[in-house]
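Results of the structural survey
One-letter residues, chain by chain:
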Amino acid sequence: MFFLNKLNPKQSLFGIIVCIALLAVLPFVAKELGGTTWVRIIDMALLYIMLALGLNIVVGFAGLLDLGYIAFYAVGAYAAALLASGHLTDNFAFFQQHFPDGLHFSYWMIIPLGAMLAAIAGIMLGTPILKLRGDYLALVTLGFGEIIRIFMNNWGKDGFNLTNGPRGINRIDSVSVLGHPLDRAISIGNIHLTKEFLYYYLFLALVTISIFVCYRLQASRLGRAWMALREDDIAAKAMGINVRNVKLLAFSLGATFGGVAGAMFAAFQGFISPESFSFMESIVILTMVVLGGMGHIPGVILGAVLLSLLPEFLRFTVEPLQQALFGTLLIDTAILRQLILGLCMVLIMLFRPRGLWPRPERSRKKDDDINNKPVATTAGAQGAHMEQ
């Protein structure tokens, strides 16, 4: 839909209708081609798009390297798990007394709460590292992500079982829309919509909202301040930009996207554990942003889609391809899949170092014309005055 701004209103309206129709039928096509598994893969791809858009605010807009972004994803997921399950009631006397059936809050309360907690975590991360940059900033954010994961692993002791440790939290409630839980299939005429279909449309709506918010942020005064900070933080400070507040807003707003995605992940899976929030997940999300094109929203979406779907596509094709070519399995499927994926990324970085779809470079021709015109006019006026 990113090309629609180049079309006239009628063409744009037609393009929007076509895009909506294609996205509406996408899960049905995926089910016909690969079964419900591929619909679930697309659902996870939409969550990764939300995560990549959030990290793009920090890395792409503000130019702050964050290797611990997965921590905000974990904060949102555990907030949803604790507030939409019976875990707290099973482990704490206070909740047993006041909520004997478990908390089971509505997700329409949990989503803003998870976003707020993730934003607070972003501010907690951003406050002590305001003066750091480069490698030092990357190391501190990496440590923050690992600290959150270690806390999730260790807050599962019998005396204080907040996260259930490595065993995770299960029996998490599903999202309900108009009183209908999305984990229950519904039928509309001859169309049977399972859990994967219902969550697809919910995630698609959230991704659409996220894209709209990112575009508005990019075009706002705050977005321009982020870009000035990205180019040169000293020059930005000299121009009167409050660098401290701008950095904190980048961390907190980026974390908000991660918190919402985490809450949706918990509802979709029905189970979470610290294994889902490892350091490698942060690297994957960062790779999506860099591979697609830092600071360019369409490129970030492209990178998230490719890195979400390509490994799964290779998972289903590498083994049959080896069987067809060699009659046996020469290399383990998981190893070969990672090898092919890594090779593709190296080639892309060699030949497209700014990403597959980088942000367009601003043409200097118009600026030069504007700058030269007043100079020529002024010179002519001075010459005429001297002749007189």
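Reading the values: rules and limits
For every chain, the first residue of the written sequence is number 1, and numbering continues from 1 along that sequence. With pLDDT at 70 or above as the cut-off, local features in this predicted model cover only qualifying residues; side-chain atom pairs require 80 or more to be listed or tallied, and sums for whole chains, interfaces and linings still use all residues. The basis for every side-chain value is the complete set of non-hydrogen atoms in the structure, without hydrogens or water. Residues enter a nonpolar core if they are buried and are Ala, Val, Leu, Ile, Met, Phe, Trp, Tyr or Cys, with the set joined through side-chain atoms within 4.5 Å. Burial classification: accessible surface area is computed with a 1.4 Å probe over protein chains only, and a residue below 20% of its type maximum counts as buried, one above 50% as exposed, and the rest as partly exposed. We call two residues in contact whenever any of their non-hydrogen atoms come within 4.5 Å of each other. Whenever a carboxyl oxygen of Asp or Glu lies within 4 Å of a side-chain nitrogen of Lys or Arg, that contact is scored as a salt bridge. Per the convention used, a helix needs a DSSP run of H or I reaching at least four residues, while a strand needs a run of E reaching at least two, with both numbered from the N terminus. Confidence per residue, as judged by the predictor, is encoded in pLDDT with a range of 0 to 100. The way it works is a 1 Å grid over only the protein atoms, where trapped points that fit a 1.4 Å probe form a cavity and open points with protein on both sides within 12 Å along at least five of seven lines form a pocket, and then any residue with an atom within 4 Å of a point lines it. Grid points are joined across faces, edges and corners, and a volume is the space filled by probe spheres set on the points. Classification convention: Asp, Glu, Lys, Arg as charged; Ala, Val, Leu, Ile, Met, Phe, Trp, Tyr, Cys, Pro as nonpolar; all other residues, Gly among them, as polar. Helix span, as expected, comes to 1.5 Å for every residue beyond the first.

Among the nonpolar cores identified, the biggest contains 100 residues, and Tyr107, Met264, Ile272 and Phe277 are the most heavily contacted of them. Dropping the residues within four chain positions of it, Ile272 is found in contact with Ala77, Tyr78, Ala81, Gly168, Ile169, Ile172, Phe265, Ala266 and Phe277.

Before going further, it helps to spend a moment on the pattern of salt bridges. Per the counting criterion, the structure on display carries six salt bridges. Arg133 is the salt-bridge partner of Asp233, the closest N and O atoms lying 2.8 Å from each other. A residue pair is termed long-range when its members are at least 10 positions apart, and Asp233 in helix α10 (residues 233–238) and Arg133 in the loop between α6 (107–126) and α7 (134–154) qualify at 100 residues.

Turning our attention to the environment of Ala225. When you line up the elements, Ala225 lands in helix α9 (residues 221–231). By relative accessible area, Ala225 is classed as buried at 10%. Taking the C-alpha atoms as reference points, Ala225 and Ile241, 16 residues apart in sequence, are found 6.8 Å from one another. In this structure, Ala225 is in contact with Ile241 and Val246, ignoring residues within four places of it in sequence.

Moving on: unusual backbone geometry. Despite not being glycine, Asn164 shows a phi value in the positive range, around 65 degrees. Positive phi is not limited to glycine here, since Arg171 has a value of about 55 degrees. Tracing the chain through its elements places Arg171 in the loop between β1 (169–170) and β2 (176–177). Classification of Arg171 as exposed rests on a relative accessible area of 64%.

Our next topic: the confidence of the model for the chain. When pLDDT is averaged along the chain, the result is 87, and 90% of the positions lie at 70 or above. A low-confidence stretch, residues 375–388 (pLDDT under 50), is modelled with zero contacts involving residues beyond four sequence positions or located in other chains.

A separate point is the layout of surface pockets. Over the atoms, a rolling probe the size of a water molecule traces out where space has been left empty. In this model, the second largest pocket occupies a volume close to 750 Å³. Considering the residues around the second largest pocket, the lining is formed by 29 residues, among which Tyr48, Glu281, Val284, Leu307 and Glu312 are closest to the centre. Counting only elements with at least two residues in the lining of the second largest pocket, the list comes to α2 (36–61), α11 (243–269), β6 (271–272), α12 (279–292), α13 (297–326) and α14 (333–351). Residues of the lining of the second largest pocket, tallied by class, amount to 16 nonpolar, eight polar and five charged.

It is worth spelling out the side chain of His87 at this point. As for its position among the elements, His87 is in helix α4 (residues 87–91). A relative accessible area of 8% places His87 in the buried class. Sequence-distant contacts of His87, defined by excluding residues within four places in its chain, comprise Leu82, Asn161, Leu162, Thr163, Asn164 and Ile169.

We now examine α6. With 20 residues, α6 extends 28 Å between its outermost C-alpha atoms, agreeing within 8% with the 28 Å of an ideal straight helix rising 1.5 Å per residue. Those residues of α6 lying buried are Tyr107, Ile110, Ile111, Gly114, Ala115, Ala118, Ala119, Ala121, Gly122, Leu125 and Gly126. Where the residues of α6 are buried, they touch α3 (70–83), α7 and α11.

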